[in-house]
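As a plain string of letters, each chain reads:
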Amino acid sequence: MSPDARESAWSSTAPAAPTYPERVRRHSLDSTAIASAGYDAATAVLQLEFTSGEVYRYFAVPPSVHRALRAAESAGNFFRERIRDVYPSEHVR
């Protein structure tokens with residue numbers, strides 16, 4: 001098989017890259033660190049907007065973690081202890 005044929009065969013069977021919502025509906029949090037949080041259950045993506053204006057996505061987050069974040073006495077502490085270094089993330093803006 002030629003290199004071009006191998007490439008063609010591989011690319012036709014490669015799984016599509018996952019797609020994530022650009023924006024999820026976020027709810028305001030009473031927090032000095034996190035302005036709002038949203039969760040997409042279909043993709044298990046947690047999207048956080050910080051009070052600095054930066055937005056991050058966290059992947060493979062169970063719904064229970066999103067619920068616990070919203071109910072936490074301190075969303076910032078909960079984030080630091082249970083989300084920041086636990087789930088893979090992507091800086092959105």
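Residues numbered from 1 in each chain as written. Predicted model: local features only at pLDDT ≥ 70, side-chain atom pairs only at ≥ 80, totals over all residues. Heavy atoms only, no water.

1. Considering the confidence of the model for the protein
- Averaged over the protein, the pLDDT score is 84; the fraction of residues at 70 or greater is 75%.
- The secondary-structure element of the protein with the lowest mean pLDDT is helix α1 (residues 3-13), recorded at 55, while helix α3 (residues 75-82) shows the highest, at 96. (pLDDT = per-residue confidence, 0-100. Helix = DSSP H or I, 4+ residues; strand = E, 2+ residues; numbered from the N terminus.)

2. A word on unusual backbone geometry
- Despite not being glycine, A44 has its phi angle at roughly 55 degrees, a positive value.
- Here A44 is to be found in the loop between β2 (34-40) and β3 (45-50).
- Of note in this structure, A60 is not a glycine but carries a positive phi near 60 degrees.
- One can find A60 in the loop between β4 (55-58) and α2 (63-71).

3. Points about the sheet that holds strand β1 (residues 26-28)
- Reading across from one edge, β1-β2-β3-β4-β5 is the order of the 5 strands in this open sheet, with antiparallel pairing throughout. Looking at which strands have only one partner, the edges of the open sheet turn out to be β1 and β5 (89-91). Shown here is a sheet whose adjacent strand axes are inclined to one another by a mean of 20 degrees, direction ignored.
- Packing of α3 onto the sheet brings it into contact with β2, β3 and β4, and relative to β2 it is tilted by some 55 degrees. (Pairing = 2+ DSSP bridges. Axes fitted to C-alpha atoms, helices over the stretch in contact; angles between N-to-C directions. Contact = heavy atoms within 4.5 Å.)

4. Here's the deal with the nonpolar core
- Formed by 17 residues in total, the largest nonpolar core has its most connected members in I34, L46, L48, Y58, L69 and I83.
- At the level of elements, β2, β3, α2 and α3 are the ones that each hand at least two residues to this core. (Core = buried A, V, L, I, M, F, W, Y, C linked by side-chain atoms within 4.5 Å. Buried < 20%, exposed > 50% of the residue type's maximum accessible area, 1.4 Å probe, protein only.)

5. A closer look at α3
- The complete set of buried residues in α3 reads A75, G76, F78 and F79. End-on, the buried residues of α3 take up no more than an arc of 165 degrees, which puts them together on one face.
- Where α3 is buried, its residues contact β2, β3, β4 and α2. (Arc of directions from axis to C-beta.)

6. Brief notes about the packing of aromatic side chains
- This structure, assessed with the given rule, holds 4 aromatic pairs.
- Considering the side-chain rings of Y58 and F79, the 5.7 Å spacing of their centres and the 75 degrees angle between planes classify their relative orientation as edge-to-face. Of this pair, Y58 sits in strand β4 while F79 is found in helix α3, placing the two residues 21 residues apart along the sequence. F79 carries the same exposure label as Y58, and that label is buried. (Phe/Tyr/Trp six-rings, centres within 6.5 Å; stacked < 30°, edge-to-face > 60°.)

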